[in-house]
Amino acid sequence: MNASIHKTNSYYWNTIGNDFLRAIVLPYYGAFISEEKHQLFGDVTEKKLLEIGCGNGQSLQYHGEHNASELWGIDLSEKQIEKAAQHLKSCGVSAKLICSPMEEECGIPADYFDFVYSIYAIGWTTDLEGTFKRIASYVKKDGAFIFSWSHPIHKCVTAENNMFVFNKSYFDEAWYPVPLNEGALTLADRKLSTYVNALSNAGFVIEQMIEETDEELMYSREDNSELADRAKMFPITFVIKARKL
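No experiment lies behind these values; they were computed from the predicted model shown.

**Student:** Would you mind showing me how to read the overall build of the chain here?
**Tutor:** Helix and strand counts for the chain come out as 10 helices and 13 strands. Looking at the chain as a whole, 50% of its 245 residues are labelled buried. Residue pairs at least 24 apart in sequence account for 70% of intrachain contacts in the chain once pairs closer than 6 positions are excluded. When the accessible surface of the chain is split by element, carbon and sulfur atoms take 49% of a total near 11,900 Å².

**Student:** Would you explain the sheet that holds strand S12 (residues 204-210) in this entry?
**Tutor:** Across a sheet, paired strands are connected by hydrogen bonds in the backbone, their directions being either parallel or antiparallel. Spatially, S5-S4-S3-S6-S7-S13-S12 is the arrangement adopted by the 7 strands of the open sheet, whose pairing is mixed. Sheet topology places strand S5 (96-99) and S12 at the edges, where each strand pairs with a single neighbour. Going from strand to strand, the sheet's axes swing by 15 degrees on average, the running direction of each strand aside. Along the sheet face, helix H5 (residues 78-91) touches strand S4 (70-75) and S5 and points at about 165 degrees away from the line of S5. Sheet strands touched by helix H8 (residues 192-201): strand S7 (139-150), S12 and strand S13 (237-244). Its angle to S12, the strand with the most contacts, is close to 145 degrees.

**Student:** Would you explain the pairing of S13 in this entry?
**Tutor:** A regular strand places its side chains so that they alternate between the two faces of the sheet. With respect to burial, S13 is a largely interior element, 7 of its 8 residues being buried. Both S7 and S13 contribute to a ladder of 7 bridges, which runs antiparallel. Note on S13: the bridge partner recorded for Trp-149 is Phe-238. Of the pairings in the sheet, the one linking S12 to S13 comprises 6 bridges and is antiparallel in character. When the bridges of S13 are listed, Met-209 appears paired with Ile-240.

**Student:** For this particular structure, what's the right way to read a nonpolar patch on the surface?
**Tutor:** Among the surface-exposed residues, Val-196, Ile-206 and Met-209 lie close enough to one another that they form a single nonpolar patch of about 190 Å² accessible area. One can find Ile-206 in strand S12.

**Student:** Just checking my understanding: could you explain the packing of aromatic side chains for this structure?
**Tutor:** Describing an aromatic ring pair means giving the distance of the ring centres and the angle of the ring planes. Tallying each qualifying case throughout the model produces 16 aromatic pairs. Between Trp-72 and Tyr-112 the ring centres are 6.3 Å apart and the planes differ by 70 degrees, which places this aromatic pair in the edge-to-face class. Highlighted residues: Trp-72 in strand S4 and Tyr-112 in the loop between S5 and strand S6 (113-119), separated in sequence by 40 residues. Classification of Tyr-112 by relative accessible area gives partly exposed; the value is 23%.

**Student:** Is there a simple way to think about the pattern of salt bridges in this case?
**Tutor:** Opposite charge on two side chains allows them to pair when their charged atoms are near. Tallying each qualifying case throughout the model produces 10 salt bridges. Salt-bridge contacts for Lys-232 lead to Asp-229; the nearest nitrogen and oxygen are separated by 3.6 Å. The class of Asp-229 is partly exposed, set by a relative accessible area of 39%. Salt bridges sharing common partners tie together Lys-155, Lys-168 and Asp-189.

**Student:** Would you take a moment to explain the pairing of S5 for this structure?
**Tutor:** As paired strands, S4 and S5 are joined by 4 bridges and run parallel to one another. When the sheet's bridge partners are listed, Asp-75 is paired in S5 with Cys-99. Assessed by its sense of winding, the connection that carries the chain from S4 through H5 to S5 is right-handed.

**Student:** Where do I start with unusual backbone geometry in this structure?
**Tutor:** A negative phi holds for most residues other than glycine; trans holds for most peptide bonds. Between Leu-26 and the following residue, Pro-27, the backbone shows a cis peptide bond with an omega angle of 15 degrees. A positive phi angle, near 70 degrees, is found at Asn-67, a position not held by glycine. Its place among the elements puts Asn-67 in the loop between helix H4 (58-64) and S4. Positive phi outside glycine occurs at Asn-161, with the angle close to 50 degrees. Take Asn-161: it is sitting in the loop between strand S8 (157-160) and strand S9 (163-166).

Conventions and cut-offs
- Residues numbered from 1 in each chain as written.
- Predicted model: local features only at pLDDT ≥ 70, side-chain atom pairs only at ≥ 80, totals over all residues.
- Heavy atoms only, no water.
- Helix = DSSP H or I, 4+ residues; strand = E, 2+ residues; numbered from the N terminus.
- Buried < 20%, exposed > 50% of the residue type's maximum accessible area, 1.4 Å probe, protein only.
- Contact = heavy atoms within 4.5 Å.
- Areas by Shrake-Rupley, 256 points an atom, 1.4 Å probe, with all protein chains shown as cover.
- Pairing = 2+ DSSP bridges.
- Axes fitted to C-alpha atoms, helices over the stretch in contact; angles between N-to-C directions.
- Patch = residues over 30% accessible without salt bridge, like charges linked within 9 Å, V, L, I, M, F, W, Y side chains within 5 Å.
- Salt bridge = Lys/Arg side-chain N within 4 Å of Asp/Glu carboxyl O.
- Phe/Tyr/Trp six-rings, centres within 6.5 Å; stacked < 30°, edge-to-face > 60°.
- Right-handed = clockwise from strand over helix to strand, strands pointing away.

Read these as spatial facts, not as claims about activity.
Laid out in structure tokens, this is it:
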């Protein structure tokens, strides 16, 4: 099952993914939530950072431009790793990039990073508890893990006749196919409690969770009017900052 999911999703990102899905990169955590407002990282000068699901490298670039001392990135897609390498080179930013599923051992050092983070990528994991435990092994004691993902309520609600209605159970965490134009992805929508309990089992304590919409950002994006209408009623994105005990 896991190998099939990895094959489907890596093929999508290796081929047409970026043509149809807008990249979500720092300073934005997702729809209408920004690092500039919430300062979850703060000053990363001389800090070592690892990104899980680094995509095209723009979030790594963000930290490089904010004086991080060492940058690492991991991604399932060979094509995304190639794009990240090209992009970072053009920006004059150095990073160690690894192509691997986040669930697997891939040579990342233990007890090494001040921050491990993931911008809209952690939800792709086929083994949440195992991935969080692996991430905990990468983070220094008292280091932080920051990640964002689509809020599960957002995936349960659809628009019908000028109303929002539930069309999916919040408690349904089964994997399902998502057809997208010429490609396809496989996704699962986990409950917030699933993330919280997995973090706790991995030895993290949650410092902050954000699910509120930034109204200034919401009203500044005219092309996102439909998403903004949803964001006025319920969360679109959630972000969690957790500390390794």
